[in-house]
Structure formats: structure tokens, C-alpha cells
Amino acid sequence: MSAWTATARQAANLARFSSSKSTSASSSQAASLIHRRGLAGGGDHHGPPKVNFWEDPLSPSKWKEEHFVIVSVTGWGLLFYGGYKFFTGEKKDKKEEVGEASH
């Protein structure tokens, strides 16, 4: 949504600038063409830095969110698959009948 807003704002500024009859832009028009980033700054992080799960495998609270999701989903998958194989595994009720060799 913000990409559409930024594109629309740029198009409006470009239309406003190109429709100007004078060749020299006034200071108010020049100020309106300055791109503002708004809340896009990425320098103010809160809390401890997040790490990859293989760097600190015993502290899930320090993991990056996407790594936590991958490890959690993999763990649940292994748990369900292991339960499935345990409860529905091959039954060993089959008896091998040894037939007598006929001469």
C-alpha cells in the first residue's frame, strides 16, 4: 500500500513540476520534490540483536523469527512423522513358514 502511495506522490510531484509555466522552480516547489522516507529508517533497533539458530542453538529467544519458525515447523513435522511411523509401522505378525523340501 505504501508503495502505491509513494508512486502516486512521485507522479503528482512530477506533474506539478512539469505543468509549471515558469522555467525556474520556486523554493516551495523544490521543497515538495524532496523525497521523505517517513518511518523507513532502520537504525533504531530495540532489544538484543537476533542471531542465527546455529550460532546459539540453546536460546530460542535470541533466534531470528524466520529461523524460529523453520525449526519449530520441522520439529513438529518430525514429531508427527515419528508418531505415525511408530503407531502404523509395519506389523511383525507375519510368520515365515518354512516349507519342507520335497525330494
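Predicted model only: the values in this text are computed from it and were never measured.

Undergrad: I'd like a rundown of the overall build of the protein, residues and numbers included.
TA: A tally of helices and strands in the protein yields three helices and zero strands. Counted from the first residue to the last, the protein has its helices and strands arranged as α-α-α. Burial status across the protein gives 5% buried among its 103 residues. If you sum the accessible surface of the protein, you get close to 10,000 Å²; carbon and sulfur atoms cover 61% of it.

Undergrad: Describe in detail the environment of K64, supporting the description with residues and values.
TA: The residue K64 is located in the loop between α2 (27-32) and α3 (65-88) in this model. On the accessibility criterion, K64 (29% relative accessible area) is partly exposed. Between the alpha carbons of K64 and P49 there is a distance of 8.8 Å; along the sequence they are 15 residues apart. Apart from residues no more than four positions distant in its own chain, K64 is found in contact with K50, V51 and N52.

Undergrad: Describe a nonpolar patch on the surface, naming the residues involved and giving the relevant values.
TA: There is a patch of nonpolar side chains on the surface, built from F68, V69 and V73 and spanning about 270 Å² of accessible area. Relative to the helices and strands, V69 is located in helix α3.

Undergrad: Give me the lowdown on the packing of aromatic side chains, citing residues and values where you can.
TA: Summed over the entire model, instances satisfying the criterion amount to five aromatic pairs. Both rings, one in F53 and one in W54, keep their centres 5.2 Å apart while their planes meet at 75°; by these two values the pair is edge-to-face. Classification of F53 as partly exposed rests on a relative accessible area of 30%.

Undergrad: Go over the confidence of the model for the protein with me, naming the residues and quoting the values.
TA: Summing up the model confidence of the protein, the mean pLDDT is 76 and the portion of residues at 70 or higher is 54%. No element of the protein has a lower mean pLDDT than α2, which averages 62, and none a higher one than α3, which averages 95.

Undergrad: How would you summarise the environment of F68 if you had to cite specific residues and measurements?
TA: Its location among the elements puts F68 in helix α3. Along the chain, F68 and F53 lie 15 residues apart, while their C-alpha atoms are 7.4 Å from each other. Once residues within four sequence positions are removed from consideration, F68 is found in contact with P60 and W63.

What counts and what doesn't
Residues numbered from 1 in each chain as written. Predicted model: local features only at pLDDT ≥ 70, side-chain atom pairs only at ≥ 80, totals over all residues. Heavy atoms only, no water. Helix = DSSP H or I, 4+ residues; strand = E, 2+ residues; numbered from the N terminus. Buried < 20%, exposed > 50% of the residue type's maximum accessible area, 1.4 Å probe, protein only. Areas by Shrake-Rupley, 256 points an atom, 1.4 Å probe, with all protein chains shown as cover. Contact = heavy atoms within 4.5 Å. Patch = residues over 30% accessible without salt bridge, like charges linked within 9 Å, V, L, I, M, F, W, Y side chains within 5 Å. Salt bridge = Lys/Arg side-chain N within 4 Å of Asp/Glu carboxyl O. Phe/Tyr/Trp six-rings, centres within 6.5 Å; stacked < 30°, edge-to-face > 60°. pLDDT = per-residue confidence, 0-100.

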